[in-house]
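Remarks on the overall topology
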Amino acid sequence: MLPISVCIIAKNEEKHIEECLKRLKPYHYEIVLVDTGSTDRTLDIATRYTDSVYHFDWTDDFSAAKNYAIDKASNDWILSIDCDEYVEGIDEPALQKLMTQLPQNAGRILIRNRLTENGQVSFEQVRVTRFFNRKFFHFEGAIHEQVEYRDNTILSKSVFPAPITVLHVGYDGTEEEMHAKSLRNIALLKRELEQTGPDAYLYYQLAQSCMKLKDYQKAYEWFNLGLSMDVNPKLDYVQAMVTSYGYCLLAMKRYEEALQLLNIYDVFAVTADFVFLMGLIYMNNALFSEAIEEFQKCTTMEQFSTEGINSYRAFYNIGVICECTGHKEEARKYYQKCGDYEMAKVRLREM
């Protein structure tokens, strides 16, 4: 058994907590659960899986609660997950090797976000820093908290891809739940922004919350504030911010303005997500040959966040272009490449 403590904060999570803890049980890690005021069955369920259950008075600060949890852990190596995140797999021999070789580095676990849209289930994946040695790291930020060095003189965090995969189901809630969550996040982010001053990451998170509310005008304003700052294009959140900004422009039907992203193509076309976005931008500007070229390029790329971006989603859009331009047999060929993708199956039935 590896000397790892899994730290979780919870409040009224009876919907998710049992599955979360059940997935952890086979690994025999210490589980530390900090409750911030549950009134449902969360605590009853948690005590079936761990004796390390603590209470923390909620202060509208996720980092404060998570740091309290890691302080209660018996081990220095911490895996921090949320109640709506279920471990799918851990390569323990590989993880042990990394813990030995890189004790002062933090591990970025792979999180698969499950989404349901129009009855179609899809997945997005992202690596997030959640595995670390508490001697060197802790959490900072009241919301959308991040793992940072305890020693603030160290300017850049050294990270490694941790062989840990987690399924996140938190985006699969009802529309009402997601609406309430976004409003809560916006209030906390604005408060933190008042305390910290201009911050590109906070602007990005505010824009993302507004996108979830379909308040595209406000999202556009936050995105522009974030992108106007001196940001490092290699950072994951900056790449995500640029791509989300492009989708915001499309939602606002600012198609010509979206074409200006061509000016940064060479910097950001390192993932299929940005290339796919450019395909959509060309498509909405009736530049169909250029759009097809981008979608085809997607299918050759290995790095992506959204499932299907480099396969069936790209083939589907090529099919749509072919069908709309009168090349129905060519369209049929691309729809057939989409496998069980429901939207492609619909087009094939209607052709």
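For the structure itself, consult the block above.
Residues numbered from 1 in each chain as written. Predicted model: local features only at pLDDT ≥ 70, side-chain atom pairs only at ≥ 80, totals over all residues. Heavy atoms only, no water.

This next bit is on helix α5 (residues 175–196). For α5, which comprises 22 residues, the first-to-last C-alpha distance of 31 Å matches the rise-based estimate of 32 Å (1.5 Å per residue) to within 8%. Buried within α5 we find Met178, Ser182, Asn185, Ile186, Leu188, Leu189, Glu192 and Leu193. On its buried face, α5 sits against α3 (62–72), α6 (200–212) and α7 (216–227). (Helix = DSSP H or I, 4+ residues; strand = E, 2+ residues; numbered from the N terminus. Expected span 1.5 Å × (residues − 1). Buried < 20%, exposed > 50% of the residue type's maximum accessible area, 1.4 Å probe, protein only. Contact = heavy atoms within 4.5 Å.)

Bringing the packing of aromatic side chains into the picture now. Tallied over the entire structure, the rule returns 20 aromatic pairs. With centroids separated by 4.8 Å and ring planes inclined at 45°, the aromatic side chains of tyrosine 312 and tyrosine 341 adopt a geometry described as tilted. Highlighted residues: tyrosine 312 in helix α13 (residues 312–324) and tyrosine 341 in the loop between α14 (328–336) and α15 (342–350), separated in sequence by 29 residues. Comparing tyrosine 312 with tyrosine 341, the two get one shared label, buried. With a centroid separation of 5.7 Å and 40° between ring planes, the pair formed by tyrosine 316 and tyrosine 335 is classed as tilted. (Phe/Tyr/Trp six-rings, centres within 6.5 Å; stacked < 30°, edge-to-face > 60°.)

What follows deals with the packing of helix α11 (residues 272–284) against helix α12 (residues 288–298). Two elements in contact, α11 and α12, have axes whose closest approach is 8 Å; the angle formed by their N-to-C orientations is 160°. Judged by the angle between their axes, α11 and α12 are roughly antiparallel. Considering only the axes of α11 and α12, their crossing is left-handed. Packed against α11, whose contacting residues are Ala272, Val275, Phe276, Met278, Gly279, Leu280, Tyr282 and Met283, the element α12 presents Phe288, Glu290, Ala291, Glu294, Phe295, Lys297 and Cys298 at the interface. Among the residues making up the contact of α11 with α12, the classes are represented as 11 nonpolar, one polar and three charged. (Axes fitted to C-alpha atoms, helices over the stretch in contact; angles between N-to-C directions. Parallel < 35°, antiparallel > 145°, perpendicular 65-115°, else oblique. Left-handed = near helix turned anticlockwise from the far one by under 90°. Nonpolar A, V, L, I, M, F, W, Y, C, P; charged D, E, K, R; others polar.)

To continue, consider the nonpolar core. Phe132, Phe223, Leu261, Phe274, Ile281 and Phe295 are the most contacted members of the largest nonpolar core, which totals 78 residues. Top element by residues in this core is α11. It accounts for 10 residues. With near-sequence residues (within four places) excluded, leucine 261 lies in contact with Val242, Tyr245, Gly246, Phe274, Leu277, Met278 and Ile281. Grouped together as the second largest cluster of nonpolar side chains are 35 residues, Leu24, Met99, Ile164 and Val169 included. (Core = buried A, V, L, I, M, F, W, Y, C linked by side-chain atoms within 4.5 Å.)

A few words on the side chain of serine 52. By the secondary structure assignment, serine 52 is in strand β3 (residues 52–55). Among the residues examined, serine 52 registers a relative accessible area of 16% and is labelled buried. Excluding residues within four positions of it along the chain, serine 52 makes contact with Glu30, Ile31, Val32 and Leu33.

Turning our attention to unusual backbone geometry. Positive phi outside glycine occurs at asparagine 12, with the angle close to 50°. Mapped onto the secondary structure, asparagine 12 falls in the loop between β1 (4–10) and α1 (17–24). Of the residues examined, asparagine 12 reaches a relative accessible area of 35% and is grouped as partly exposed. In this structure, aspartate 60 takes a positive phi of about 60° despite not being glycine. The residue aspartate 60 is located in the loop between β3 and α3 in this model. On the basis of relative accessibility, which here comes to 30%, the residue aspartate 60 falls in the partly exposed class.

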